[in-house]
Amino acid sequence: MIKPMASASAEQRFSIKGLIRPRRVSLFAVMVGLELGLLFSMLGWLLSAAPSRTPLAVTPDLTPLTREIQGRLSGAIVDPLIEVKPGVVIRSSNVRGFRYEGHIYYYYIEGEPNYDPLSRGLVRPDQVEIMLRDESGAQTIVLYRVN
């Protein structure tokens, strides 16, 4: 009995033809596309939900700023007095803030009338970054910076 021999290319053609199914490839591509779309939309949602400002990795030393405020309140640092309304005289740094290392800082003293931008309502609480809340003295002082 003679056994017919098929060429190698014919066998490969039959085996490759049986493996590729156009319907399954397109369904696979659609499923991968949907999954990637879902993944990217979740990534976009997570990035949009992240805070706009991340906290500093290292907390800066705010001792010099505390000394600066205490010096202004005690009179050791020259801080002229201004009249904000008839009969009310306060330090100018309470209204205008003070510059320290290239930034302008504002402060207010809890429990007392204050005329800083946050206390007057010129800036919203979400527009400020509270740097320090000093409760070490007789008065609680809150130091902040406008973003």
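Refer to the structure printed above.
What counts and what doesn't
Residues numbered from 1 in each chain as written. Predicted model: local features only at pLDDT ≥ 70, side-chain atom pairs only at ≥ 80, totals over all residues. Heavy atoms only, no water. Pairing = 2+ DSSP bridges. Helix = DSSP H or I, 4+ residues; strand = E, 2+ residues; numbered from the N terminus. Axes fitted to C-alpha atoms, helices over the stretch in contact; angles between N-to-C directions. Contact = heavy atoms within 4.5 Å.

Asks: Would you mind going over the pairing of strand S5 (residues 128-134) with me for this structure?
Replies: Along any regular strand the residues' side chains alternate between the sheet's two faces. Sheet analysis places S5 next to strand S6 (residues 141-146), joined by 6 bridges and oriented antiparallel. In the strand pairing of S6, Asp134 is matched with Ile141. Hairpin remark: S5 followed by S6, antiparallel, with 6 residues in the connecting loop.

Asks: I would appreciate a short explanation of the sheet that holds S6 in the present structure.
Replies: Hydrogen bonding along the main chain pairs the strands of a sheet, whether they run parallel or antiparallel. A sheet is described by the order of its strands in space; here 4 strands give the open sequence S3-S4-S6-S5, paired in antiparallel fashion. Strands at the two margins of the open sheet, each flanked by one partner only, are strand S3 (98-100) and S5. Averaged over all pairs of adjacent strands, the angle between strand axes in this sheet comes to 35°, irrespective of strand direction. Pairing of S3 with strand S4 (residues 103-109), which is carried by 3 bridges, proceeds in the antiparallel orientation. Pairing of Phe98 across the sheet is with Tyr105, part of S4. Packed onto the sheet, helix H3 (residues 63-74) meets S3, S4, S5 and S6 and runs at close to 150° relative to S3.

The quantities given are spatial measurements derived from coordinates; they are silent on function.
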